[in-house]
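What follows is the residue order along each chain.
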Amino acid sequence: MMSKSKEDILKALYPSYDAMQVIGCICINTELTSKNQYKLSSEDFLSNFHKVVFSSVVNMVKCDLKIVDSIAVKEYLKNFNSTWLNVYEQFDTENNYIEIIKQQANLDNFNYHYNRVRKFAMLRDMVNMGIDINGIYDITGSNKELNLNFEEISVDDILEILAKAVNNLKTKWTGLNQKGLYVHSALGVRELIQSLKESPDFGLPLFNPVLTTAFRGARLGKLLIHGSPSGFGKSRQAIANAVKLSMPFLYINGQWVANGLTESVLYITTELQLEEVQPTILSAITGINEYKIVEGCLNKDEEVVIDKAITLLEKSKFHIVYIPDFNSTDIENIIESHILKYGTKYVFYDYLHLTPSIIQEMTSGGGVNREDLIILLFMSRLKEICNTYNIFMWVGSQLNRSSKDADNQEGFHAFRGSFSIGDKVDFGILSVKVTEADIEILKDNGFISEEGFKDKKLPNICHVIVKNRGGRLKDVRIFSHLNLGTLREEVICVTNQDLSPLNQTIQIANIIVPSVSNTDEWLEWLNG
């Protein structure tokens, strides 16, 4: 194998007959291009001609063309892509290629040919990445047993082979086996205590200073779940925290101020598309009400501020992935790729709900089929991802329908699906509406006098800390005024669960973050 050139190896790993069968079947039954179970792309084909035919057919189907034949493909290429047309005409000199492959194609065998095309495409990717495929497939054909086994395995099986190989390396070089880490209890403890003296276990600051104090910041390896009723700003609060971690400067009270953070952040959205998220990000940076951005009614001064915010956003390491249907493997692959490409350490996942892919993943092979257990297993997987990659993850969750009133907002029973998810997370927050009864109790307990309300804004949101692993501040309520349009929050007071005064004084954590280079020059330009 080493004597062959890379080009020869790639050609040997291209099943032309299977590719022709797949394209022929698609030409007969164009609905195959839109079925979720088939994940074909032009990259699965090595031949430029096959790439052109496949891509043309897919695009024709998207344009609602029902009948696929040689004439239709050629006419489509004439109208839309002259480069592709040249490639096509070089091969289909008789204008009958589509008819020939349709005659030879067998729809009953589509799955077989589809799987071979996908498997060989993966092998070619592995070769291009420099990954040895000798243990999976022998291109010389001399190892018949190996190649027979290759016919029987799936793409997922190949991924499993690679994962096991990587895991074996981890086991060998880190001392980690499949069950955990086996060490003496005193291993490294002196160094740990000394390091905590020199650098206490604090993460970077969150959007809300009291939550930063309670959780000791956004610490790596920790999983936080944030629950609130539908339409109560889960996505916006997640974005506000993502902006806090990734933007070196924020526009506050009419001027740009140093925030000092330039972390690589990933925001995974399952419902909101890019153009829906971007205005919210700009609002979080500038404090300008989102409706003014969306409705295009900014004044000239605000246009200048937004333009400078866009400059900061363009230079940031704030990345977004929109994925409406996913399972735990998809989420892990997305996170891993962003870690490798961008060094991502902070992930915001919006939001926890069941998708067809999650249900299929968790119920296949006789697995669980109850919603609460599926959610529990999925959250357990997210916690494993936090630990494996040493990232901080913020996960949004809706509440149970029975948890809309204050009487039902008790701990994780309020969260959608399963109260036992509290065992899997490190931090838990419930954000609920402040009622008139809450305001009266706050008055009665002396938090804010009648006169005080004239100077302070009324609280409109209450953050209930329902889980704080390793933290001292537990079972408390944080009353704030949150403007969901500008994403600016002011903490009004902090109480016990029954709204009585705390028996301790909260000293807000002052987490010192390094300033970005050329801070003075940046501020001069931003405020100029």
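Definitions and limits used
Residues numbered from 1 in each chain as written. Predicted model: local features only at pLDDT ≥ 70, side-chain atom pairs only at ≥ 80, totals over all residues. Heavy atoms only, no water. Helix = DSSP H or I, 4+ residues; strand = E, 2+ residues; numbered from the N terminus. Buried < 20%, exposed > 50% of the residue type's maximum accessible area, 1.4 Å probe, protein only. Contact = heavy atoms within 4.5 Å. Areas by Shrake-Rupley, 256 points an atom, 1.4 Å probe, with all protein chains shown as cover. Salt bridge = Lys/Arg side-chain N within 4 Å of Asp/Glu carboxyl O. Core = buried A, V, L, I, M, F, W, Y, C linked by side-chain atoms within 4.5 Å. Pairing = 2+ DSSP bridges. Axes fitted to C-alpha atoms, helices over the stretch in contact; angles between N-to-C directions. Polar contact = N/O pair within 3.5 Å; in protein donor to acceptor, adjacent residues only side chain to side chain. Expected span 1.5 Å × (residues − 1). Phe/Tyr/Trp six-rings, centres within 6.5 Å; stacked < 30°, edge-to-face > 60°. Lys NZ or Arg CZ within 6 Å of the ring centre and 35° of its normal. Left-handed = near helix turned anticlockwise from the far one by under 90°. Nonpolar A, V, L, I, M, F, W, Y, C, P; charged D, E, K, R; others polar. Parallel < 35°, antiparallel > 145°, perpendicular 65-115°, else oblique.

Caption draft 1: Here's a closer look at the overall build of the protein. A tally of regular secondary structure across the protein gives 21 helices and 13 strands. Burial status across the protein gives 45% buried among its 528 residues. A fraction of 69% describes how many contacts in the protein between residues 6 or more apart in sequence connect residues 24 or more apart. Summed over all atoms, the accessible surface of the protein reaches about 28000 Å², with 49% contributed by carbon and sulfur.

Caption draft 2: Structural view of the environment of Thr363. With respect to the element layout, Thr363 can be found in helix H17 (residues 356-363). Remark: the alpha-carbon pair of Thr363 and Ile374, spanning eleven residues in sequence, is separated by 8.1 Å.

Caption draft 3: Local environment of the pattern of salt bridges. Across all of its chains, the model carries 14 salt bridges by this definition. Taking the shortest distance from any N to any O, the salt bridge between Lys292 and Glu302 comes out at 2.8 Å. Taken together, the positions of Lys292 in helix H14 (residues 290-294) and Glu302 in helix H15 (residues 300-315) put the pair ten residues apart, joining distant regions of the chain. Assigned by exposure class, Lys292 and Glu302 land together as buried.

Caption draft 4: Representation of the nonpolar core within the structure. Counting residues in hydrophobic clusters, the biggest one holds 49 residues, and the most contacted among them are Phe215, Val243, Trp256 and Phe348. For this core, the element with the most residues is helix H12 (residues 234-246), which contributes six residues. Phe348 has contacts with Ala238, Asn241, Ala242, Leu245, Val265, Leu266, Tyr267, Ile268, Phe392 and Trp394, leaving out every residue within four places of it along the chain. Counting residues in hydrophobic clusters, the runner-up holds 46 residues, among them Ile225, Val347, Ala414 and Val425.

Caption draft 5: Local environment of the sheet that holds strand S13 (residues 488-496). With mixed pairing, the nine strands of this open sheet are ordered in space as S7-S6-S8-S9-S3-S10-S11-S12-S13. Either end of the sheet is taken by a strand with one partner, and the two such strands are strand S7 (318-322) and S13. The average angle at which neighbouring strand axes cross in this sheet is 20°, direction not considered. In the sheet, strand S6 (residues 265-269) pairs with S7 via five bridges, with the strands oriented parallel.

Caption draft 6: A look at the side chain of His463. Mapped onto the elements of the fold, His463 is located in strand S11 (residues 461-468). We classify His463 as buried; its relative accessible area is 2%. Among the polar contacts made by the side chain of His463, one reaches the side chain of Glu489 at a distance of 2.8 Å. Residues within four places of His463 in sequence aside, it is in contact with Asn208, Gln237, Ile429, Leu430, Ser431, Val476, Arg477, Ile478, Ser480 and Glu489.

Caption draft 7: View of H12. Taking 1.5 Å of rise per residue, 13 residues should cover 18 Å, and H12 covers 19 Å from first to last C-alpha, within 8% of that figure. Of the positions making up H12, those classed as buried are Lys234, Ser235, Gln237, Ala238, Ile239, Ala240, Asn241, Ala242, Val243, Leu245 and Ser246.

Caption draft 8: Main features of the environment of Ile391. Following the sequence through the fold, Ile391 ends up in the loop between helix H18 (371-389) and strand S9 (392-397). Along the backbone, Ile391 and Ile339 are 52 residues apart, and their C-alpha atoms lie at a distance of 9.3 Å. If we ignore the near neighbours within four places in the chain, the residues touching Ile391 are Leu220, Gly221, Lys222, Ile335, Ile339, Thr344, Lys345, Val347, Ile385 and Cys386.

Caption draft 9: Quick look at the pairing of S11. Burial runs high along S11: eight of the eight residues are buried. Here four bridges tie S11 to strand S12 (residues 476-483), and the two strands are oriented antiparallel to one another. By the bridge assignment, His463 is partnered in S12 with Ile478.

Caption draft 10: The packing of aromatic side chains, seen in detail. One pass over the structure, following the stated rule, counts 20 aromatic pairs. Seen from their ring centres, Phe110 and Tyr114 are 6.0 Å apart, and the 20° between their planes marks the pair as stacked. Residue Phe110 and its partner Tyr114 are both found in helix H7 (residues 110-128); the two are separated by four residues, about one turn of the helix. Here the guanidinium or amino end of Lys119 rests over the ring plane of Phe150, the centre of that ring lying 4.7 Å away.

Caption draft 11: Summary view of the side chain of Ser264. When you line up the elements, Ser264 lands in the loop between strand S5 (255-258) and S6. In contact with Ser264, other than residues within four places in its own chain, are Lys317, His319, Tyr342, Gly343, Thr344, Lys345 and Tyr346.

Caption draft 12: Focus on unusual backbone geometry. For Asn253, which is not a glycine, the phi torsion comes out positive at approximately 50°. By secondary structure assignment, the location of Asn253 is in the loop between strand S4 (249-252) and S5. Classification of Asn253 as exposed rests on a relative accessible area of 79%. Backbone geometry places Asp475, a non-glycine residue, at a positive phi of 50°. Tracing the backbone through its elements, the reader meets Asp475 in the loop between S11 and S12. What makes Asp475 partly exposed here is its relative accessible area of 45%.

Caption draft 13: Representation of the environment of Arg216. Along the polypeptide, Arg216 turns up in the loop between helix H11 (209-215) and strand S3 (223-227). Distance from Arg216 to Leu473, taken between C-alpha atoms, is 10.0 Å for residues 257 residues apart in sequence. Beyond its immediate stretch of four places on either side in the chain, Arg216 contacts Asp201, Phe202, Gly203, Leu211, Gly470 and Gly471. Among the polar contacts made by the side chain of Arg216, one reaches the main-chain carbonyl oxygen of Gly470 at a distance of 3.0 Å.

Caption draft 14: Inspection of the packing of H15 against helix H21 (residues 519-526) at higher detail. Following both chains from N to C, one finds H15 and H21 inclined at 145°, their axes separated by 11 Å at the closest point. For the pair H15 and H21, the crossing hand works out as right-handed. Judged by residue contacts, Lys308, Thr311, Leu312 and Lys315 of H15 engage Trp522, Trp525 and Leu526 from H21. Residues of the contact of H15 with H21, tallied by class, amount to four nonpolar, one polar and two charged.

Caption draft 15: Structural view of the packing of H12 against helix H13 (residues 274-286). The N-to-C vectors of H12 and H13 enclose an angle of 55°; their axes lie 9 Å apart at closest approach. One element, H12, and the other, H13, form an angle in the oblique class. Considering the relative orientation of H12 and H13, their crossing is right-handed. Residues Arg236, Ile239, Ala240 and Val243 of H12 form the contact with H13, whose participating residues are Val277, Thr280, Ile281, Ala284 and Ile285. Of the residues that constitute the contact of H12 with H13, the class distribution is seven nonpolar, one polar and one charged.

Function cannot be read off these values alone, since they describe shape.
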